[in-house]
Amino acid sequence: MAPKTDLLADERITSYGRLVEAHRRLNRIFDRALRDHSGLSVVWFEALLRLGRSPDHRMAITELGEQMVLTSGGATRLVDRLEENGYIERISCLTDRRIHWAQLTDEGIAVLTEALAAHLDDLEQHFASQLSEAERQALDSILDRLREAPA
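Below or above, wherever it landed, is the structure these notes cover. Position labels on residues start from 1 in each chain and follow its written sequence. Two thresholds apply to this predicted model, a pLDDT of at least 70 for residue-level local features and 80 or more for giving and counting side-chain atom pairs, whereas whole-chain, interface and lining totals are computed over all residues. No hydrogens and no water enter the side-chain calculation; it runs on all heavy atoms of the structure.

### Details of the sheet that holds strand E3 (residues 100–104)
Judged by pairing direction, the sheet is antiparallel, and its 3 strands sit side by side in the order E1-E3-E2 without closing on themselves. Both edges of this open sheet fall to strand E1 (58–60) and strand E2 (88–92), since each of them pairs with a single strand only. The mean angle between the axes of side-by-side strands here comes to 25°, regardless of whether they run parallel or antiparallel. As defined by bridge partners, E2 adjoins E3 across 5 bridges and the pair is classed as antiparallel. Residue pairing for E3: Ile88 is matched across the bridge by Leu104. Across the sheet, helix H5 (residues 72–84) touches E2 and E3, and the angle it forms with E2 is around 120°. In this description, strands pair whenever DSSP reports at least two bridges between them. A helix here means a DSSP run of H or I that spans at least four residues, while a strand means a run of E at least two residues long, and both kinds are numbered starting from the N terminus. Every angle, taken between N-to-C directions, lies between 0 and 180 degrees, and every axis is a line fitted to C-alpha atoms, over only the stretch in contact when it is a helix. Whether two residues touch is decided by their heavy atoms; if any such pair falls within 4.5 Å, the residues are in contact.

Okay, structure coming up:
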């Protein structure tokens, strides 16, 4: 049995589909550029960026995974790979043995700094230049609302 045509044409599906397509397109562009410029995947770059923007360039591994919407196993594998490449180090929490921190190393800071310069150029070309300041602010507001909505 085929789905009803009116359901397939629902504007909510179309709007969400546009969001997904735009994200995938930009993600593909940024991933390719980051790999070419610095050898980082967009996922590795995001992890290093989140650590770089955190106090003392560190974050609990579970928090990093939550922010990146990864399973605990996915966060562990990501941290393993970043550690193997010398970009981060694991640090045990002295007050709670259950907590392990991921902290940027000097090498991680260097590769992040290099990648950031190129990424900012790509963001300007493929994202920011496509929006007026008012549109970017409206988009930020909408995305914050969607991000913070109860699951």
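### Brief notes about the side chain of Ser38
Topologically, Ser38 is positioned in helix H2 (residues 11–38). Here Ser38 falls in the buried class, since its relative accessible area comes to 13%. When near neighbours in sequence (up to four residues on either side) are disregarded, Ser38 contacts Val111, Glu114 and Ala115. Exposure categories follow from relative accessible area, calculated using a 1.4 Å probe and restricted to protein chains: below 20% of the type maximum is buried, above 50% is exposed, and the middle band is partly exposed.

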